[in-house]
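# A structural walkthrough
Given next are the chains, with one letter for each unit.
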Amino acid sequence: MGSVVDWAQSGAKIAAVYNREEENQCPSIVFFEKNGLERSSFRINEPTHVTLEYLKFNCNSDLLAAVVRGEVFDTLKIWYFSNNHWYLKQEVRYSMEDKVKFIWDLTNPLKLICWTLGGRIITYRFVWVTAVIGNSTAFVIDGSKVLVTPFPLSLIPPPMSYLSLEFPSPVRDMTFCSKISQNRLAASLSDGSLCVVELPLLDQWDELEDQIFKIEASYCGINFGPLLHVAWLDSHVLLGVSHFGFGPSNCSKRASPDEDVRAGYYLQEIEIRCSEDRVAGSVTCSGWHAERLHQLYLEGLVIGIAPNTLSRCSAFVQLEGGKTFEYTSKMGLKRGVSLQRCDDMNFLSTCPRMDVAPIQGYARERPLLLGLDDNGRLHLEGKILCNNCNCFSFYSSSGDGMITHVIIATKQDLLFIIDVGDIVHGQLEKYENFVPLVKNKKGENESISINIWEKGAQIVGVLHGDESAVILQTLRGNLECVFPRKLVFTSIINALAQGRFKDALHMVRRHRIDFNLIVDHCGWQAFIGSAADFVMQVNNLNHITEFACAIKHENVMEALYRNYASLPCLKGDTSLAYSEPKGTDSDNKVSSVLMAIRKALEEQIEETPARELCILTSLAKSSPPALEEALRRIKVVRELELSAAADPKRLLYPSSEESLKHLLWLSDSEAVFEAALGLYDLNLAAIVALNSQKDPKEFLPFLQELECMPTILMQYNIDLKLQRHESALRHIISAGDSYYEDCMNLIRKVPELFPLGLQLIGDPPKRQQVLEAWGDHLNATKCFEDAATTYLCCSCLEKALKAYRACGNWMGVLTVAGLIKLGKDDLLLLARELSEELQALGKPGDAATIILEYCGDIDNGISLLVEARSWEEALRVAFLHRRDDLILVVKSASLECASMLVGEYNEGVEKVGKYLTRYLAVRQRRLLLAATIKTNEQSMGYLDDETSSQASSNFSGMSAYTTGTRKGSSASTTVRTSTKGRGRQRNRGKIRAGSPDEETALVEHLKGMSLAEGAKCELKSLLICLVMLGEEEIARKLQRTAEKFQVSQVAAVKLAGDSISSDIIDEHAFTLDHYIQNVRKELHISDAFSWRSKVLV
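Residues numbered from 1 in each chain as written. Predicted model: local features only at pLDDT ≥ 70, side-chain atom pairs only at ≥ 80, totals over all residues. Heavy atoms only, no water.

This part covers a nonpolar patch on the surface. On the surface, Ile103, Trp115 and Ile121 cluster together into a nonpolar patch covering about 310 Å² of accessible area. With respect to the helices, strands and loops of the structure, Ile121 is situated in strand β11 (residues 121-125). For Ile121, a relative accessible area of 62% gives the class exposed. (Patch = residues over 30% accessible without salt bridge, like charges linked within 9 Å, V, L, I, M, F, W, Y side chains within 5 Å. Areas by Shrake-Rupley, 256 points an atom, 1.4 Å probe, with all protein chains shown as cover. Salt bridge = Lys/Arg side-chain N within 4 Å of Asp/Glu carboxyl O. Helix = DSSP H or I, 4+ residues; strand = E, 2+ residues; numbered from the N terminus. Buried < 20%, exposed > 50% of the residue type's maximum accessible area, 1.4 Å probe, protein only.)

In structure tokens, the structure reads:
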């Protein structure tokens, strides 16, 4: 055991160096628990004679650095622990004369400081770069090996891998280029060499599994030194950063054509060529040549390079401070190299993690350039998208490289899926600042974020297109694959919009999405036009059967998946054209869709037993189930089985027993048995009953009884059992006159059959009986008017008279009495009885008409007209018969009524003022209280218990509804012009002083005090009567009093309506006198005052 030892900052483990030179092996690093027990170890993979010094953990204890002294150069090595394996992530070489030493930053776990004997101090700021690139292929650096795993083929967590690439020396940086026909990986090694390897397409990787490929260094005329920030500009052009004149690269000789080149950072544009013939499906590991095309000096430190895939041979270069430049090769410009500033794409601070999201549409020519700084802020074009971002990635719904969603994992371990459109249009409010919500809004079922189940998990990649998966790596190192609903729905909708029904159905089944999404995404009517394409593409009867069983009436895009209803379906897609099949119900989604599927099955799929079972499923799952049609199909198969001839079609259908069991499995057995009875096939019904495991005692006697009946009676009894009453009526009528009583009993039992019975029965006497029975039914159900009309049709006049009398139609009674030719005395008696009945019903006007016209009783007639307040008619009749005494009766009654109305209208004016005053006081108190609460920074309208109680008490003390000792009672506000209470509209409910709804109740009460239309007519009639009797002054007084009341009531309602929508307290504007003046200006044009007489104004 050597003397180099270090204790991790977390205190969980101790690292020590174990020298194995005596065993002729390289040194090892051994880890001990704090109690001294050995935990694990690994070898540093160096020659046996090297020594290891300065072993140090970083402040997070997840990185371990050491200096290895060799015979030719010294190296600084950095390891990372994950999934019980130590990965060599970086190796930096120094010359032996430098005697390099280092120390980790005490607060920044990714910052390391080195110094040499020559006085040079170098600061390294590392950044974690997720190496899942292009076509979702993962590359993991482990020293001189790169572990390769294509996630679309297998989800293998490191240190395991699908295949591995072994390089001559440890890898410092790498980049991958995935084109249509080429997959190339370039790696910059610690010894300054550059390696390139070409991999086949993913569908040709089957033979590469578990293989190790040794990669040769490419031939370079010039040693660039270790390249950093390597990126592909094109499939044969690389861009990287090298540094001359300082840094650790001095350990190797730099062969530059310009010996006087100044020290600093340079952009190196390198062309890659292969001199060997490439074999399709194999890995090209050698024969690569690298040639520098251009070198550009940079003024500052390069933070990162991100290729711009929207422009040929272009990349974005970020310098320290977040300054962004766009580098364009001469191949892209067809002229000199360009490095242009992009001030509109600058970041607010340095962003070690930078990536480009190429987007299509949105009226943009440039892609989105996103950067993540050390403080977790996600930058875009001088703005901050997220303040607590942990990592991010991109997703392309079409898989063509055009990004549609940005995926963000926050420091609170929440996963957000953001639409690119929301970023471009600045509509990020819906994501609630990317912080965890305390609770969702009322009515929302969907959270805008996904909880990451393990703290600290990182997004390492996504599976684009239909896969729609996000791959997370936990702190332990294992990989987990999640399928966010938003990405899944986007993929399904895209597939449906493109007419890829098979892919859409596969995703729906895989992710357990409701099958109705396929039907409802653009409306089920549109799907019907595409049913044939759906069946032809899916071409799997089991899947189609599963789909048919899941169809339901509910629109899932408006209910279950309403939060995804905004996902677009492409307009103008010919696959979505709608043409409704014949015989479909335009309002029945289930039946229409299943009928379209059934028609497509019959046209597109060849006849097989499986197809027949699928058709039976579509019939059984229709709404309502088409069981009779399904049984007819089974009946055809059964007849083929019973026929002696060998029909080749027999092989194209399942057995009748199998079909029947399938139908019974899908449907209620009792419904299938009744459907079989409905076909009037007793044998089929017996088979259904036996296969549904019914007790023979339940059905056999009934079937035997039916079998003994004549056919027409058998059908009639079956219809009765199935409650098919119309069919039963048709059958029993066709059975003959001997069953007429049964026919009438059925009609009486089911009154809805009366119209059909009249159509089917042609014999006049029997029709008369049907009509009389119908009238009796209507009379029993208290439909007296209809009953009387029906009795008249069958000449049952006595019953018609009773029906008219029962409904209070006195004119109908007296008319039918004339048809009967009732005697004079009987008619007089009937008229008096009707008059008394009408008086009891509160219809004195109608009673007066009967008394005057049929009884000739003038005195009682005038009395009834006065009671009915038909003043003009009463006066006319009195003058007609020249009865001065009756004229005096009318005059005295009219004067009495006018005096009573004057008093009530005066009282009404007083009450309108009182209620309006109370309303204004309540309103003012409410506004003052609201202003006080707002001043105290409380929410509008919110009161705590004490404030509510105090306000209620204050309001109660202001009550205007109590008089005398009747505390809490509400005074009546109904002013009546007669004993029947027809003066004004009734007041609804009571007003409780101090209650929360007192203000609204007061307004409603004021509205309820308006003059009813009947009261206006009676008032106008009374005014005319008074004028005719010479009481002009009384009439004028009555009109002015009623007008004053109505003007006050209308003005009060208008004042309340204007003030209730305003929060301003204006004692001068909201006054009753002001509004009364405004109302009086409009009297001559208002229909509400049409009852007035101009001469009495």
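After that view, the rundown keeps rolling.
For the rest of this paragraph, the subject is the side chain of Glu271. Among the secondary structure elements, Glu271 is positioned in strand β23 (residues 264-274). Buried and unpaired, Glu271 has no salt bridge, with Arg273 as the nearest side chain of opposite charge at 4.7 Å. Setting aside chain neighbours within four positions, we find Glu271 in contact with His236, His289, Ala290, Glu291 and Leu293. (Lys, Arg positive; Asp, Glu negative; His and termini not counted. Contact = heavy atoms within 4.5 Å.)

A separate point is the environment of Pro367. Within the element layout of this structure, Pro367 appears in the loop between β29 (353-357) and β30 (368-372). With 35 residues separating them in the primary sequence, Pro367 and Met402 have C-alpha atoms 9.5 Å apart. Aside from chain neighbours lying at most four places away, what touches Pro367 is Asn308, Leu310, Phe316, Met345, Val356, Ala357, Pro358 and Glu381.

Bringing the pattern of salt bridges into the picture now. Inspection of the entire model under this criterion finds 55 salt bridges. Residue Arg632 pairs with Glu628 through a salt bridge whose shortest N-O separation is 3.6 Å. Here the residue Arg632 and the residue Glu628 both occupy positions in helix α11 (residues 627-642), the gap between them amounting to 4 residues, near one helical turn. A relative accessible area of 44% places Arg632 in the partly exposed class.

Glancing now at the packing of helix α28 (residues 884-935) against helix α30 (residues 998-1008). Running from amino to carboxyl end, α28 crosses α30 at an angle of 155 degrees, the nearest separation of the two axes being 10 Å. Between α28 and α30, the interaxial angle falls into the category roughly antiparallel. Crossing hand, α28 versus α30: left-handed. Residues Val912, Tyr915, Leu916, Arg918, Tyr919, Val922, Arg923 and Arg926 of α28 lie in contact with α30, whose contacting residues are Glu998, Glu999, Leu1002, Val1003, His1005 and Leu1006. For the contact of α28 with α30, the per-class residue count stands at 8 nonpolar, 1 polar and 5 charged. (Axes fitted to C-alpha atoms, helices over the stretch in contact; angles between N-to-C directions. Parallel < 35°, antiparallel > 145°, perpendicular 65-115°, else oblique. Left-handed = near helix turned anticlockwise from the far one by under 90°. Nonpolar A, V, L, I, M, F, W, Y, C, P; charged D, E, K, R; others polar.)

Moving on, we get to helix α10 (residues 609-620). An ideal rise of 1.5 Å per residue puts 16 Å on 12 residues; α10 measures up with 17 Å between its terminal C-alpha atoms. Burial of α10 is extensive: 10 of the 12 residues sit out of reach of the surface. Restricting attention to buried positions, one finds in α10 the residues Arg611, Glu612, Leu613, Cys614, Ile615, Leu616, Thr617, Ser618, Leu619 and Ala620. Residues of α10 that are buried sit in contact with α8 (541-550), α9 (589-604), α11 and α12 (656-666). (Expected span 1.5 Å × (residues − 1).)

Under the defined criterion, the tally for this structure stands at 23 aromatic pairs. Considering the side-chain rings of Phe31 and Trp86, the 4.7 Å spacing of their centres and the 5 degrees angle between planes classify their relative orientation as stacked. On the criterion of sequence distance, the pair formed by Phe31 in strand β3 (residues 28-33) and Trp86 in strand β8 (residues 85-95) is long-range, its members being 55 residues apart. Under the relative-accessibility criterion, Phe31 is labelled buried at 2%. Ring geometry for Phe527 and Phe534: centres 5.5 Å apart, planes at 70 degrees, overall edge-to-face. (Phe/Tyr/Trp six-rings, centres within 6.5 Å; stacked < 30°, edge-to-face > 60°.)

Turning our eyes to something else, we now look at the nonpolar core. Counting 98 residues, the largest nonpolar core has Leu729, Ile862, Tyr905, Leu1022 and Leu1038 as its most contacted members. Ranked by residues supplied to this core, first place goes to α28 with 15 residues. Within the second largest apolar cluster, 71 residues are counted, among which are Ile518, Met557, Ala689 and Leu703. (Core = buried A, V, L, I, M, F, W, Y, C linked by side-chain atoms within 4.5 Å.)

What follows deals with the sheet that holds strand β6 (residues 63-69). The 4 strands lie next to each other as β5-β6-β7-β8, forming an open sheet whose pairing is antiparallel. Two strands lie at the open edges of the sheet, namely β5 (51-57) and β8, each paired on one side alone. Each neighbouring strand pair of the sheet contributes to a mean axis angle of 20 degrees, computed without reference to strand direction. Two elements, β6 and strand β7 (residues 73-82), share 7 bridges in a ladder whose sense is antiparallel. Within β7, the residue paired with Leu64 across the bridge is Trp79. (Pairing = 2+ DSSP bridges.)

A few words now on the pairing of strand β14 (residues 145-150). With 5 of its 6 residues buried, β14 lies for the most part within the structure. In terms of strand pairing, strand β13 (residues 137-142) meets β14 through 6 bridges, oriented antiparallel. Note that in β14 the partner of Ala138 across the bridge is Thr149.

Moving on: the state of the cysteines. One pass over the structure, following the stated rule, counts 0 disulfides. Sulfur of Cys794: no disulfide; nearest cysteine sulfur belongs to Cys796 and is 3.4 Å away. Look at Cys794 and you get buried, because its relative accessible area is 7%. (Disulfide = S-S within 2.5 Å.)

Okay, the environment of Leu117 next. Position of Leu117 among the secondary structure elements: in the loop between β10 (111-115) and β11. We classify Leu117 as exposed; its relative accessible area is 65%. Sequence separation between Leu117 and Asp98 is 19 residues; the distance between their C-alpha atoms is 5.3 Å. Leu117 has contacts with Glu97, Asp98 and Lys99, leaving out every residue within four places of it along the chain.

Let us look at the confidence of the model for the protein. When pLDDT is averaged along the protein, the result is 84, and 89% of the positions lie at 70 or above. Considering each helix and strand of the protein separately, the mean pLDDT is smallest for helix α29 (residues 945-956), with a value of 37, and largest for helix α4 (residues 501-510), with 95. The model gives residues 439-445 a pLDDT under 50, and that stretch makes 5 contacts with residues more than four places away or in other chains. In the model, residues 937-988 has pLDDT below 50 throughout and makes 89 contacts with residues more than four positions away in sequence or in other chains. (pLDDT = per-residue confidence, 0-100.)

Let us look at the side chain of Ser397. Its place among the elements puts Ser397 in the loop between β33 (389-395) and β34 (405-410). For Ser397, a relative accessible area of 11% puts it in the buried group. A distance of 3.1 Å separates the side chain of Ser397 from the side chain of Asn494, its partner in a polar contact. In contact with Ser397, not counting residues within four places along its chain, are Thr404, Gly465, Thr490 and Asn494. (Polar contact = N/O pair within 3.5 Å; in protein donor to acceptor, adjacent residues only side chain to side chain.)

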